Amino acid sequence: MRRALRLAARAAGRTSPNPMVGAVVVRGDKIVGEGYHRAAGEPHAESVALAKAGDAARGATLYTTLEPCAHHGRTPPCVDAIVTAGVRRVVAAMRDPDPRTDGKGFRQLKAAGVEVEQGVLESDALRLNEGFVSRIRRGRPFVVVKLATTLDGRATAPGSRELVGKRAAREVTRLRDRLDAVLVGIGTVLADDPALTVRDLTGRDPLRVIVDTDARTPSTAKVIRAKDPQRTILFVARDADTRRTNKLREAGVLITTLPRSDGGLDLGAAMRWLGEHGVNTVLSEAGPRVAGALVRGGLADRLMIITTPIAGGEGLPALAGVTDTTQLKNVRVRRFGEDVAIEGDL
């Protein structure tokens, strides 16, 4: 199962709206086939593993990180492929929360005479697919809020354009590659003009999401002039200036209007919109105002605070407007050069 989980993780950021799934076929003490779901529309992990196993799958055990699907989508049900291949036993890490399967896959396998065991390394599987589970159960993506701060908890420092060093910046770029979308506010766009790409890393660029209440994003911004502007989404207020929104729309980006709330936009509505459009995971690289609003609204699931050894920051505190005390869970501390990252679940 650990091998199946490692295989599944290879497709991080590439399977949405589907989950990440890995599968391993074992006969005796030998792996005879393995595979993972590479992208939406491509064969599921179980089918890939069974195809590689061929005749050796008959009487074998199939280990899979998720309950085999029992519905027709872009690909046929995996349950049918398992039964046809003659697999004797299926071991699954977790049940599929998708109501189209949700236990149906296990029931169909048992009805066909296949032995079923579930719950092996379940917590690992749930963490692997926390975005998919969040979207299915809560109707919104799993949101990671990343902030870079000074020692005194400020998001900017006099004379410092980039707070963190190269090693920490590379880790953030790696996160962009592994999560579906990256979100920033208009303040970040106007101050830094970020491209929101994976830059010098070999990978794929995430969906770019801009929270821009009054449609102030310049048409010259990098997120607008990107080679694939259709992968830039601007959330603006319903009463934003029509001329500005039309100009941005003509540039090829997607404009979505939302109601105003909490001094800006209704971020809950923004997250629901992303969930409805198949986004499983979001990395917020926004500044203190948006980050604080996400936390206050109960929309942030994990915090990643990267602290740089600079004292005497300026501007707003990292999580503006957050006054309630919250103890992070599953805390992890890592060092990137001189920078220290504290990461934990809310």
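Per chain, the residues get numbers from 1 upward, laid out in the order the sequence is written. At least 70 in pLDDT is required for a residue's local features to be given in this predicted model, at least 80 for side-chain atom pairs to be given and counted, and no such filter applies to totals for whole chains, interfaces and linings, which use all residues. Side-chain figures throughout are based on the complete set of non-hydrogen atoms in the structure, without hydrogens or water.

**Side note on the overall build of the chain**
Turning to step 1, where the next piece is worked out: A run of H or I in DSSP becomes a helix once it reaches four residues, and a run of E becomes a strand once it reaches two; helices and strands are each numbered from the N terminus. Check the secondary structure of the chain and you find 11 helices and 18 strands.
Turning to step 2, where the next piece is worked out: Against the 2.2 N^0.38 benchmark of 20 Å for 346 residues, the chain shows a C-alpha radius of gyration of 22 Å, consistent with a compact globule.
Turning to step 3, where the next piece is worked out: Two residues qualify as a contact provided that any one of their heavy atoms is within 4.5 Å of a heavy atom in the partner residue. Of all intrachain contacts in the chain linking residues separated by at least 6 positions in sequence, the fraction that spans at least 24 positions is 71%.
Turning to step 4, where the next piece is worked out: Calculation of accessible area relied on Shrake-Rupley with a 1.4 Å probe; when residues are assessed, cover is drawn exclusively from the protein chains displayed. Of the roughly 16200 Å² of accessible surface on the chain, a fraction of 48% belongs to carbon and sulfur atoms. We compute the radius of gyration over the C-alpha atoms and compare it with the globule rule, which gives 2.2 Å times the number of residues raised to the power 0.38.

**Some details on the packing of helix α3 (residues 78-85) against helix α4 (residues 104-111)**
Describing two packed helices takes the angle between their axes plus the distance from one axis to the other.
Turning to step 1, where the next piece is worked out: It is the contact of α3 with α4, at a shortest axis distance of 10 Å, that shows an interaxial angle of 20 degrees. One element, α3, and the other, α4, form an angle in the roughly parallel class. Two packed elements cross with a definite hand, and for α3 against α4 that hand is right-handed. Across the interface between the two elements, Val79, Ile82 and Val83 of α3 pack against Gly105, Gln108 and Leu109 of α4.
Turning to step 2, where the next piece is worked out: Any residue that is not Ala, Val, Leu, Ile, Met, Phe, Trp, Tyr, Cys, Pro, Asp, Glu, Lys or Arg is counted as polar, Gly included; the first ten are nonpolar and the last four charged. Partitioned by chemical class, the residues of the contact of α3 with α4 number four nonpolar, two polar and no charged. Axes here mean lines fitted to C-alpha atoms, for a helix over just the part in contact, with angles spanning 0 to 180 degrees between N-to-C directions. Working definition: roughly parallel below 35 degrees, roughly antiparallel above 145 degrees, roughly perpendicular at 65 to 115 degrees, and oblique for all remaining angles. Two helices that cross are described as forming a left-handed crossing if the nearer one is turned anticlockwise from the farther one by less than a right angle, and a right-handed crossing if clockwise.

**Focus: helix α7 (residues 166-178)**
Given 3.6 residues per helical turn, the α-helix brings residues three or four places apart onto the same face.
Turning to step 1, where the next piece is worked out: To estimate how far a helix should extend, the number of its residues minus one is multiplied by 1.5 Å. In a regular helix each residue adds 1.5 Å, so 13 residues correspond to 18 Å; α7 covers 19 Å between its end C-alpha atoms and thus fits that length.
Turning to step 2, where the next piece is worked out: Listed as buried for α7 are Ala168, Glu171, Val172, Thr173, Leu175, Arg176 and Asp177.
Turning to step 3, where the next piece is worked out: Residues of α7 that are buried make contact with β6 (142-149), β8 (181-185), β14 (281-284), β15 (302-307), β17 (329-336) and β18 (339-345). Exposed residues in this analysis have more than 50% of their type's maximum accessible area, buried residues have under 20%, and partly exposed residues fall in between, with area computed by a 1.4 Å probe over protein chains only.

**Let's talk about the pattern of salt bridges**
Turning to step 1, where the next piece is worked out: When a carboxyl oxygen of Asp or Glu is within 4 Å of a side-chain nitrogen of Lys or Arg, the pair counts as a salt bridge. Across all of its chains, the model carries 24 salt bridges by this definition.
Turning to step 2, where the next piece is worked out: Arginine 302 is the salt-bridge partner of glutamate 130, the closest N and O atoms lying 2.8 Å from each other. Of the two residues, glutamate 130 sits in helix α6 (residues 130-138) while arginine 302 sits in strand β15, which places them 172 residues apart along the sequence.
Turning to step 3, where the next piece is worked out: On the basis of relative accessibility, which here comes to 5%, the residue arginine 302 falls in the buried class.
Turning to step 4, where the next piece is worked out: In this structure, the salt-bridge partner of arginine 332 is glutamate 343, at a minimum N-O distance of 3.3 Å. Here the residue arginine 332 occupies a position in strand β17, and glutamate 343 occupies one in strand β18, the gap between them amounting to 11 residues.
Turning to step 5, where the next piece is worked out: On the accessibility criterion, arginine 332 (43% relative accessible area) is partly exposed.
Turning to step 6, where the next piece is worked out: Since its relative accessible area comes to 11%, glutamate 343 is described here as buried.
Turning to step 7, where the next piece is worked out: Overlapping salt bridges, with partners in common, bring together Glu171, Arg174, Arg332, Arg334 and Glu343 in one network.

**Brief notes about the sheet that holds strand β10 (residues 232-237)**
Turning to step 1, where the next piece is worked out: Paired strands, in this sense, are two strands between which DSSP finds at least two bridges. Pairing in this open sheet of nine strands is mixed, and the strands run β11-β10-β9-β8-β14-β6-β15-β18-β17 from one edge to the other. Strands with a single pairing partner mark the edges of an open sheet, and in this sheet they are β11 (254-258) and β17. The sheet shows a mean angle of 20 degrees between the axes of neighbouring strands, direction not considered.
Turning to step 2, where the next piece is worked out: Here strand β9 (residues 207-211) runs beside β10; their pairing, made up of four bridges, is parallel. Paired with arginine 208 across the two strands is threonine 232, which belongs to β10.
Turning to step 3, where the next piece is worked out: Together, β6, β8, β14 and β15 form the strand contacts of helix α11 (residues 288-296), whose direction differs from that of β6 by roughly 140 degrees.

**Quick look at unusual backbone geometry**
Note: most peptide bonds trans; most residues except glycine with negative phi.
Turning to step 1, where the next piece is worked out: Proline 17 follows serine 16 through a cis peptide bond whose omega is 10 degrees.
Turning to step 2, where the next piece is worked out: Within the secondary structure layout, proline 17 lies in the loop between α1 (2-9) and β1 (22-27).
Turning to step 3, where the next piece is worked out: Even without a glycine there, the phi angle at leucine 121 is positive, about 55 degrees.
Turning to step 4, where the next piece is worked out: Mapping leucine 121 onto the fold places it in the loop between β5 (115-118) and α5 (122-128).
Turning to step 5, where the next piece is worked out: A positive phi is found at aspartate 193, a non-glycine position, where the angle reads about 45 degrees.
Turning to step 6, where the next piece is worked out: Examined against the element boundaries, aspartate 193 turns out to sit in the loop between α8 (186-192) and β9.

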